[in-house]
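Below, each chain spelled out in residue letters.
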Amino acid sequence: MVMKMANGVGTVYKLSGNRRNPYIVRKTVGWEIDVKTGKHKQIYVTIGYAPTRAKGLEMLMEYNKNPYDIEASKITFSEVYEKWSAEKFPTISDSNVKGYQASYKCCEALHNRIFKDLKLSDLQGVIDNCGKNYPTLRKLKVLLNQMYDYAMKYELCNKDYSQYVDILKFKNKNPNKTDRSPFTEDEINALWVQKDNIYVQIVLMLIYSGVRVSELLDLKCENIYIDEHYFKVVESKTDSGVRVVPIHDRTYPIFRKWYDEGCEYLLHTPDGNHFTYRNYYDSYWTPVMELIRCSHKPHDTRHTCVSMMTAKEVNPTLIKKIIGHSGAMSLTEKVYTHVNVKELLEAINRI
């Protein structure tokens, strides 16, 4: 015998048919006039569906103890991300936006899940199985923290599980670590032999400037001071990445040629469009590596530039300034060391 619920508490009853969650949990939230009969009728909200009556009663008790917006409680992880990002992204830099977008992609397993139903095990599962290194996991945790702050603020969930996510166990591990090896002298010579190939030219520009491939692909001509032999990186993944970069004498004619083509971006596709990283890597970088018979990644060009400057005994502070790396800088180097373009040009031209 099923015990009758007290008035106003709500109801749990079993639906017909073969269902995974056959018990419906409902509660009356008001009354309205039936226009056909002229009688009052109840207005229900469906709190949810449960596999057993006991689970349904638990859901009903939780709702009565802490009533929440039923529609809001059905919002998915992706919908919370969209609402949060609409508030957040206009206030941050493009590079930070790209970082959050990359972290969101790591959470694909959660995208269509109801946000309030997520538990710590779901969040930790993303961390444990995404195969990312520790710095990337830190960014992922920041995203989860901010999404839960947003969700708690707007009562989209009752508990912040993101604060319990453990990333420290991955601190000294890097599942995606690959060996970084500079280009050899023979490989660089092979590139110079092919210098009339415009896509070989890009590799040489990377090697002799130390910039990240994304920084060079995103470089606009308005930020190039071609007659003064330098350009400015105005957006980067780090604060120290925003910097002045000298143009090496050997690659200056290459920069000049691309610059004089008059496109918005220094580097561009044959039809004048902006390169995306994937388009550049697949269609242009890989064929060049095949041409000189090696298997380098674009980031190896930065290591090559650093190695060449180090071999020529360039001042370490100048090396850090040129490549935009603050991680190993002392406080004195960060705050008190000021260098001019002439010093940077002299340093880069030693290689």
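Calculation rules
Here the residue numbers are simple positions, counted from 1 along each chain's written sequence. Per-residue local features are limited, in this predicted model, to residues with pLDDT of at least 70; the limit for side-chain atom pairs, both in listing and counting, is 80 or more; totals at the level of whole chains, interfaces and linings are taken over all residues. In computing side-chain properties, one takes all heavy atoms of the structure into account and sets aside hydrogens as well as water. Strands are runs of DSSP state E lasting at least 2 residues, helices are runs of H or I lasting at least 4, and numbering of each runs from the N terminus. Burial here depends on accessible area, computed with a 1.4 Å probe over protein chains only, as a share of the maximum for the residue type. Under 20% is buried, over 50% is exposed, and the range in between is partly exposed. What makes two residues a contact is simply this: any of their non-hydrogen atoms within 4.5 Å. Here the open area of atoms and residues is found with the Shrake-Rupley method and a 1.4 Å probe, where only the protein chains shown may cover a residue. Note on pairing: two strands pair once DSSP finds at least 2 bridges between them. Whenever a helix is involved, its axis is fitted only over the stretch in contact; in every case the axis is a line through C-alpha atoms, and angles between N-to-C directions fall within 0 to 180 degrees. Disulfide: a pair of cysteine sulfur atoms within 2.5 Å of each other. Every angle not falling under 35 degrees, over 145, or within 65 to 115 is termed oblique; those three ranges are roughly parallel, roughly antiparallel and roughly perpendicular. All amino acids are sorted into three groups, where Ala, Val, Leu, Ile, Met, Phe, Trp, Tyr, Cys and Pro are nonpolar, Asp, Glu, Lys and Arg are charged, and the leftover types, Gly among them, are polar. Grouping buried Ala, Val, Leu, Ile, Met, Phe, Trp, Tyr and Cys residues that are joined through side-chain atoms within 4.5 Å yields what is termed a nonpolar core.

Novice: How would you sum up the overall build of the protein chain? Please name residues and give values.
Specialist: Across its full length, the protein chain carries 14 helices and 6 strands. Going through the 351 residues of the protein chain one by one, you find that 41% of them count as buried. Across the protein chain, contacts joining residues at least 24 apart in sequence account for 61% of those joining residues at least 6 apart. For the protein chain, the exposed surface amounts to about 20400 Å²; the carbon and sulfur share of it is 50%.

Novice: Talk me through the sheet that holds strand β1 (residues 11-14); I want residue IDs and the actual numbers.
Specialist: As summarised here, the arrangement of the 3 strands in space is β1-β2-β3, forming an open sheet in which the pairing is antiparallel. This sheet does not close on itself; its edge strands, each paired only once, are β1 and β3 (40-50). In this sheet, adjacent strand axes meet at a mean angle of 40 degrees when their direction is disregarded. Alignment of strand β2 (residues 23-33) against β3, held across 10 bridges, turns out to be antiparallel.

Novice: Can you explain the state of the cysteines? Please cite residues and give values.
Specialist: What we call a disulfide is simply a covalent bond connecting the sulfur atoms of a pair of cysteines. Summed over the entire model, instances satisfying the criterion amount to 0 disulfides. Here Cys-130 stays unpaired: no disulfide links it, and the sulfur of Cys-106, its closest cysteine neighbor, is 5.1 Å away. Of the cysteine sulfurs around Cys-263, a residue in no disulfide, the closest is that of Cys-221, at 7.3 Å.

Novice: Tell me about the packing of helix α2 (residues 77-88) against helix α3 (residues 94-106), residues and numbers included.
Specialist: Packing of α2 against α3 brings their axes to within 12 Å, and their N-to-C directions diverge by 175 degrees. With respect to α3, the axis of α2 lies roughly antiparallel. On α3, the residues that touch Phe-77, Ser-78, Tyr-81, Trp-84 and Lys-88 of α2 are Tyr-100, Gln-101 and Tyr-104. Of the residues in the contact of α2 with α3, the class split is 5 nonpolar, 2 polar and 1 charged.

Novice: Give me the lowdown on the packing of α2 against helix α5 (residues 134-153), citing residues and values where you can.
Specialist: Between two packed helices, both the angle of their axes relative to each other and the distance between the axes serve to describe the pair. Running from N to C, α2 and α5 point in directions that differ by 90 degrees, and their axes come no closer than 10 Å. One way to sum up the angle between α2 and α5 is to call them roughly perpendicular. In contact with Phe-77, Val-80, Tyr-81, Lys-83, Trp-84, Glu-87 and Lys-88 of α2, α5 contributes Leu-143, Leu-144, Gln-146, Met-147, Tyr-150 and Lys-153. Here the contact of α2 with α5 is composed, by residue class, of 8 nonpolar, 1 polar and 4 charged.

Novice: Run through the sheet that holds strand β4 (residues 224-225), naming residues and quoting values.
Specialist: Judged by pairing direction, the sheet is antiparallel, and its 3 strands sit side by side in the order β4-β5-β6 without closing on themselves. Looking along the sheet, the strands with just one partner apiece sit at the ends: β4 and β6 (243-246). Pairing of β4 with strand β5 (residues 230-233), which is carried by 2 bridges, proceeds in the antiparallel orientation. Paired with Tyr-225 across the strands is Tyr-230, a residue of β5.

Novice: Outline the nonpolar core, listing residues and values.
Specialist: With 52 residues, the main nonpolar core has Phe-183 and Tyr-280 as its most contacted residues. Counting residues per element, this core draws most heavily on helix α7 (residues 198-207), at 8 residues. Core analysis: the next-biggest nonpolar cluster, separate from the first, contains 32 residues, Val-126, Met-147, Tyr-148 and Cys-157 among them.

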